[in-house]
Structures are given as C-alpha cells and as structure tokens.
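Secondary and tertiary structure notes
Okay, here's what each chain looks like letter by letter:
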Amino acid sequence: MPWISDDSLTTFQKFCVNVLKCGPIPKHIAIIMDGNRRYARKKQMEKLEGHSRGFDKLSQCLKWCLELDVKEVTVYAFSIENFKRTKEEVDHLLQLAREKFTKLFQEQDKLMEYGVCIRVIGNLTLLPEDLRQLMAKAMLITKDNNKAILNVAFPYTSRDEITNSIQTIIEAVREDKISPDDVTEDLISHCLYTNLSPNPDLLIRTSGEVRLSDFLLWQTSRSQIQFAEVLWPEFGIWHLLGCIFKYQRGCMELIIEEEESEDAMSERVKEFLDELSVKRWRQLEIYATA
Ligand code: FPP
Ligand code: MG
C-alpha cells in the first residue's frame, strides 16, 4: 500500500463527505491506532501481520482525510513504551517503518502533487541511525508542502516530549538567552516536538480502550476525544464519518469560548525560538547525511 491510498470513494461516500463538509470539519485529527495485534488474532493471522494491516488502514484513512479537507493528521505509530515489547515485535515495527519510509521516496511525486508534508515527532535519538536518516530525509524533502500535514509520532510519549521541552528551556536560561520570567505555557508549547502544529480538534482512539497512553497530553487539553469500539485495521470510512458527525454535534453544543490570546513574546524569546528552529532543522540535515 502507498502512503496515500489510490482507492477512490463511491458516489454515495462522496455525497456523504460533501454533506459533512457543510458543517465544521476538524482542522487537525490525532489518532491512536490501537488494536492491530487483536485484529491479527481475531483473523488468525501472524500476530505481527496486524501492524502491516494497520499501515494499510492508515493509508486509506489519510485518503479519506484529504477528501474531507482535514488539513493535519497526527498518528501514534510507536510509543517509547513499545520498546518494552519483545525484540521480535520491536524489530518488526522498526523494519516496517524502514520499508515504508524507503517507499515514501518512490512516491515523492504523488506526495508533492497532494502537497503533503511529513513530520516525525518524537525522540529520534532512540532510533537506529539508518531509520533516523530515512525519516530526516523524508521530513526535509516534504518540508515546504503545506496542503496537508502528516505527523508520525515515532518513538513518542508526552512525558518525554514535555521533559525535552523543559530541558531545552533550562539550557537557554543557563546560557542567558532567556530569563526564568520568560517561562510560560506558551514558551513550553513552542519547545515541544509539535511546535509547528496547532492543537488537535479531535482525538480518536480505536479498539475500545479508554485511555490516552501518554499521547499528546499537553496538546489535547481542549480537544474532543472519541473512543471507537472497532480495532484499528477494521476502522472504515463510515467510522470516520461517524466521528466527524459526532464532532460536529459537539461543536454545536459547545459554548463558543474566546480563544485564549497568546502572551506577547519578548524579542529575546522570539530570537531564542528562531535559533531553536534553525538548530532543529540543522540537526535533521546532520541525521540525513550521517
Ligand atoms: C497498536 O496496536 C499499534 C501499534 C503499536 C503500532 C501502530 C503502527 C502502525 C499502524 C504502522 C504505522 C507505520 C508507519 C511507518 C507509520 P497494538 O499493537 O497495541 O495492538 P493490540 O492493542 O491489539 O495489542
Ligand atoms: Mg494496544
């Protein structure tokens, strides 16, 4: 399966998508793709085959999101906690990522045509060097695309992300680039791995598990959260459209709150954030050419 499925929607599916598009569509959807191994067990297939089916579902889901004009999707593809699974499974997931990121370069033209930007969010230092290099290259070649954004969390946990943000800030305070008074919620957000993205409007977790598993804890404080009973590889377009419909009902019930205005940033904080951004892109270039 390619990163973005070639399957087209039926006329009726297109009609329903267009009806939903008359209402508010979440700009950013986050997904915890859970239930791959249970799916494999249920279908009596090799346990690890469930993850490949999971990727195929991601490919279809990205196509549906493009049809719906969802601008940004963030998926939990590998938690730092997943390193505790058996070596066989960890190796399989890393190998699957290697294969898919290698294939991504062959699909570059299509990604460019759709204007898709791929970002990997997470602690890349925990990955094998060859995979980190593939991911860095994918991010660099698609970085100027802006029609749709796919954030792949790999390997990621919120606690690691928040710790990393705070460490970045402490270093800047120590180096006298900013002062302790500059440390605000806004600054912490700007130092997260997700600093380039708006917060998700909707978070969906499949498989019936009702927990967030350390995914985007900081970013989902105001998001609508939905738990779907279906296993991830079984998630179909009607499940997604159902989630969007429920989201729209939630939006209507919501008392429109004034967006919190961001604190005005001092020049020195802006300078520090510009410098941090340059440093992070430079780091990716180093990974890409290692
Ligand atoms: C959770 O199901 C899923 C994962 C740990 C991996 C998700 C990965 C993919 C869908 C492939 C994505 C790959 C790329 C390169 C983007 P689970 O293993 O926890 O299954 P269970 O809940 O049934 O045990
Ligand atoms: Mg699970």
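For the structure given in this document, a descriptive report is provided here. (Residues numbered from 1 in each chain as written. Chains lettered and ligands numbered in written order. Predicted model: local features only at pLDDT ≥ 70, side-chain atom pairs only at ≥ 80, totals over all residues. Heavy atoms only, no water.)

Notes on unusual backbone geometry
A cis amide bond, omega -10°, links F154 with the succeeding residue P155. Examined against the element boundaries, P155 turns out to sit in the loop between β4 (148–153) and α7 (158–174). For D69, which is not glycine, the phi dihedral falls at a positive 65°. Among the structural elements, D69 can be located in the loop between α3 (49–67) and β2 (72–76). One non-glycine residue, D176, lies in positive phi territory at about 65°. Checked against the element boundaries, D176 lands in the loop between α7 and α8 (185–190). (Helix = DSSP H or I, 4+ residues; strand = E, 2+ residues; numbered from the N terminus.)

A closer look at the sheet that holds β2
Pairing within the open sheet is parallel, and its six strands lie in the order β3-β4-β2-β1-β5-β6. What marks the edges here is a single partner per strand, and that holds for β3 (116–121) and β6 (224–227). Within this sheet the neighbouring strands show an average axis-to-axis angle of 15°, counted without direction. Bridge analysis of β2 against β4 gives five bridges, and the strand direction is parallel. Residue E72 lies in a different strand from β4, and its bridge partner there is I149. In the packing of α3 onto the sheet, the strands contacted are β1 (28–32), β2 and β4, and the crossing angle to β2 comes to about 160°. (Pairing = 2+ DSSP bridges. Axes fitted to C-alpha atoms, helices over the stretch in contact; angles between N-to-C directions. Contact = heavy atoms within 4.5 Å.)

So, a nonpolar patch on the surface
A grouping of F12, F15, V19 and W238 is seen on the molecular surface, where their side chains present a nonpolar patch of about 450 Å² in accessible area. With three residues, helix α1 (residues 11–20) is the largest single contributor of residues to the nonpolar patch. Position of F15 relative to the elements: it lies in helix α1. (Patch = residues over 30% accessible without salt bridge, like charges linked within 9 Å, V, L, I, M, F, W, Y side chains within 5 Å. Areas by Shrake-Rupley, 256 points an atom, 1.4 Å probe, with all protein chains shown as cover. Salt bridge = Lys/Arg side-chain N within 4 Å of Asp/Glu carboxyl O.)

What to know about the site of ligand 1
Near ligand 1 you find 17 residues, and of these D34, R37, R38, H51 and R85 are the closest. The separation between an oxygen atom of ligand 1 and a polar side-chain atom of D34 is 2.7 Å. Interatomic distance of 2.7 Å between a side-chain N/O atom of R85 and an oxygen atom of ligand 1. Its free accessible area being 620 Å², ligand 1 has 94% of it covered by the protein chains. Breaking the shell around ligand 1 down by element, the ones donating at least two residues are α2 (36–42), α3 and α4 (87–106). Looking at the shell around ligand 1, the element that brings in the most residues is α3, giving four residues. Partitioning the shell around ligand 1 into residue classes produces eight nonpolar, five polar and four charged. (Near = heavy atom within 4 Å. Polar contact = N/O pair within 3.5 Å; in protein donor to acceptor, adjacent residues only side chain to side chain. Nonpolar A, V, L, I, M, F, W, Y, C, P; charged D, E, K, R; others polar.)

The values are spatial; any link to function lies outside them.
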